[in-house]
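# Descriptive analysis of the structure
So you can see what is in the structure, the chains are spelled out below.
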Amino acid sequence: MDKFVIKGGRPLTGSIPASGSKNSALPALAAALLTAEPVILRRIPAVRDIRTMQRLLIDIGSTVEVTPDYVRLDTREITSPEAPYELVKTMRASSLVLGPLAARAGRARVSLPGGCAIGARPIDLHIAGLEALGARINQSHGYVEAEAPGGLRGARIHFDKITVTGTEDLMMAATLASGETVLENAAQEPEVKDLADLLTKMGAKIEGAGTSTIRIEGVKKLGGADHTIIGDRIEAGTFLVAGAITNGDLTVTDCPVEHLGALIVKLRQAGVEVTEDGSSLRVRVSGPVRSVDITTEEYPGFATDLQAQYMALMTQAEGIAIVTETIFENRFMHAQELARMGANIRLDGRRAIVAGPRELTGAGVIASDLRASASLVLAGLAAHGETVIDRVYHIDRGYERIEEKLARAGAEIERVD
Ligand code: EPU
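Residues numbered from 1 in each chain as written. Predicted model: local features only at pLDDT ≥ 70, side-chain atom pairs only at ≥ 80, totals over all residues. Heavy atoms only, no water.

Looking now at the layout of surface pockets. What the second largest pocket holds in volume is close to 340 Å³. As for the second largest pocket, its lining consists of 24 residues, of which I44, P45, A46, P68 and E400 are closest to the centre. Of all the elements in the fold, those that place two or more residues in the lining of the second largest pocket are α2 (48-60), β5 (70-74) and α14 (402-408). Taken together, the residues of the lining of the second largest pocket break down into 11 nonpolar, 4 polar and 9 charged. (1 Å grid on protein atoms, 1.4 Å probe; cavity = no way out; pocket = protein on both sides within 12 Å on 5 of 7 lines; lining within 4 Å. Points joined across faces, edges and corners; volume = space filled by probe spheres on them. Helix = DSSP H or I, 4+ residues; strand = E, 2+ residues; numbered from the N terminus. Nonpolar A, V, L, I, M, F, W, Y, C, P; charged D, E, K, R; others polar.)

Attention now goes to the sheet that holds strand β7 (residues 107-111). Across a sheet, paired strands are connected by hydrogen bonds in the backbone, their directions being either parallel or antiparallel. Strand order in this open sheet of 4 strands is β6-β7-β9-β8, and the pairing throughout is mixed. Of all strands in the sheet, those bounded by a partner on one side alone are β6 (82-83) and β8 (136-140). (Pairing = 2+ DSSP bridges.)

Looking at the ligand, there are 22 residues lining it, with D124, T163, T165, D305 and I327 nearest. At 3.0 Å, a side-chain N or O of K22 approaches an oxygen atom of the ligand. At 3.1 Å, a side-chain N or O of N23 approaches an oxygen atom of the ligand. Coverage of the ligand by the protein chains reaches 88% of its 820 Å² of free accessible surface. Looking at the shell around the ligand, the elements that each hand over two or more residues are α1 (22-31), α5 (124-132), α6 (164-175) and α12 (370-382). Its residues assigned to classes, the shell around the ligand comprises 10 nonpolar, 5 polar and 7 charged. (Near = heavy atom within 4 Å. Polar contact = N/O pair within 3.5 Å; in protein donor to acceptor, adjacent residues only side chain to side chain. Areas by Shrake-Rupley, 256 points an atom, 1.4 Å probe, with all protein chains shown as cover.)

Before going further, it helps to spend a moment on the packing of aromatic side chains. Two numbers describe a pair of aromatic rings. These are the distance of the centres and the angle of the planes. With the rule as written, the count across this model stands at 1 aromatic pair. A ring pair is formed by F302 and Y310, whose centres lie 5.3 Å apart and whose planes are at 70°; its orientation type is edge-to-face. The class of Y310 is buried, set by a relative accessible area of 0%. Sitting over the face of the ring of Y143, R109 holds its NZ or CZ atom 3.9 Å from the ring centroid. (Phe/Tyr/Trp six-rings, centres within 6.5 Å; stacked < 30°, edge-to-face > 60°. Buried < 20%, exposed > 50% of the residue type's maximum accessible area, 1.4 Å probe, protein only. Lys NZ or Arg CZ within 6 Å of the ring centre and 35° of its normal.)

Attention now goes to the packing of helix α11 (residues 333-340) against α12. Relative to each other, α11 and α12 sit at 20°, their axes nearing to 9 Å. Viewed along their axes, α11 and α12 adopt a mutual orientation that is roughly parallel. The crossing of α11 and α12 is right-handed. Within the contact between the two elements, α11 uses H334, E337 and L338 and α12 uses A372, S375, L376 and A379. When grouped by side-chain class, the residues that make up the contact of α11 with α12 number 4 nonpolar, 2 polar and 1 charged. (Axes fitted to C-alpha atoms, helices over the stretch in contact; angles between N-to-C directions. Parallel < 35°, antiparallel > 145°, perpendicular 65-115°, else oblique. Left-handed = near helix turned anticlockwise from the far one by under 90°. Contact = heavy atoms within 4.5 Å.)

Another aspect to go through is the pattern of salt bridges. Inspection of every chain in the model, using the stated rule, returns 23 salt bridges. The closest approach of N and O atoms between D74 and R76, which form a salt bridge, is 2.9 Å. Among the residues examined, D74 registers a relative accessible area of 6% and is labelled buried. (Salt bridge = Lys/Arg side-chain N within 4 Å of Asp/Glu carboxyl O.)

On to helix α9 (residues 261-269). When α9 is considered as a whole, its buried residues turn out to be L263, I264 and L267. Here the buried residues of α9 occupy an arc of 100° about the axis, which is enough to place them on one side. Positive phi appears at G271, one or two residues downstream of α9, with a value of about 95°. (Arc of directions from axis to C-beta.)

Let us now look at the nonpolar core. Counting 73 residues, the largest nonpolar core has V97, L130, M171 and L199 as the members making the most contacts within it. Considering every element that reaches this core, the biggest residue donor is α1, with 6 residues. Sequence-distant contacts of L130, that is, excluding residues within four places in its chain, are made with L98, G99, A102, A135, I137, A146, L152, L170 and A173. One finds L267, L281, V323 and L381 within the second-largest nonpolar core, a separate group that totals 71 residues. (Core = buried A, V, L, I, M, F, W, Y, C linked by side-chain atoms within 4.5 Å.)

Structure (structure tokens):
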């Protein structure tokens with residue numbers, strides 16, 4: 001298993017490019033199941049979750065061609081409308097094939113995800129939505145089976161809780177349902193909007209994506225499309241925090257600036273200088289960083305996927321910062337590891353109380369999930385001495401060659417076997 005060895009204390013300078021968004025690319029790949037024509041997707045990040053999704057699509061019947069410039073998917077026929085436990089347990093986003101398979105093949109069999117490092121994360125809302133669209137649902141042996149041999153039919157669906165992939169899954173299913181579907185209390189994340197843009201290019205009729213009410217008028221058939229995925233706001237945000245935590249002067253290029261509003265506001269309040277220039281964001285730290293509270297929320301609020309990285313920064317800030325996690329019930333696994341490096345963090349239910357600044361010292365730490373791992377990398381960059389991060393396969397799920405990108409900006413980070 002790979003590890004990262006980081007020698008901390010060097011300010012990051014220069015520039016790092018953002019990759020395409022993992023969380024936009026995953027539903028886009030699943031959307032290719034909705035048509036028998038080729039779909040070309042550009043700016044697909046080369047990360048492990050994407051490879052897992054491509055493997056799943058091949059099992060289902062797609063031909064997948066991966067080139068440096070694009071991924072081409074061709075699903076003339078669905079040969080096996082199934083997502084097995086072996087894949088779903090490694091990547092919960094596999095459940096994104098449920099809606100497309102039920103809509104196109106009239107049948108889907110998808111493993112229930114089970115527990116997860118950051119919370120329970122059930123898919124009950126995906127399932128209830130499909131049932132509302134007329135699918136017959138059967139749950140047994142750890143699998144959910146949806147059947148709609150005569151096709152899905154449009155419905156009004158109100159989400160009890162805002163769910164990103166749930167919104168995406170049902171939006172995809174509704175594109176091929178007969179009549180109109182209205183999704184209320186829908187997720188407003190940029191990734192939902194990007195998926196709607198792709199589906200629209202494929203011939204879907206969708207209004208309101210990016211707001212809390214999405215209307216989809218079903219069509220008989222969807223066609224091929226050529227689509228470029230948006231930039232990864234979470235990866236870009238991670239690099240911005242990396243610049244700040246190392247007291248550096250770092251520019252993130254190809255950056256989805258308009259999707260990073262909540263982070264930019266907090267960084268500026270904390271005393272980090274953030275300047276925009278087209279699609280680039282530059283962070284500079286010249287004075288002390290101050291503690292600023294955050295509460296994670298659905299978009300456009302502060303992203304839960306940046307909470308761990310921001311917490312690492314707050315260990316270096318003057319004062320007390322309260323970090324409140326409202327999206328997932330168990331997303332503070334990084335706090336214990338940061339504490340091993342010298343951080344002063346007290347957990348109180350959904351809140352973490354971070355007192356800073358505390359000098360961090362290099363230590364051996366274990367990555368527990370994707371974003372927690374990113375926060376440990378950031379802490380390692382700021383720490384004195386050597387940090388060894390074990391189980392970096394978590395970080396490879398969602399960051400494209402992070403060690404190479406950081407090294408280009410002056411970080412001393414090495415991958416060892
Ligand atoms: N929820 C339910 N029932 C459902 C679906 C969700 O109770 O049927 C709950 C979840 O347990 C959670 C909340 O609703 O408490 C929000 O979950 P959501 O469904 O929005 O999360 P997701 O769609 O599974 C996506 C991202 C996550 C990101 C969350 C929140 C993808 C592939 N994943 O997950 O990304 O944290 O939205 O923004 O888009 C990551 O990239 O590291 C990551 C975990």
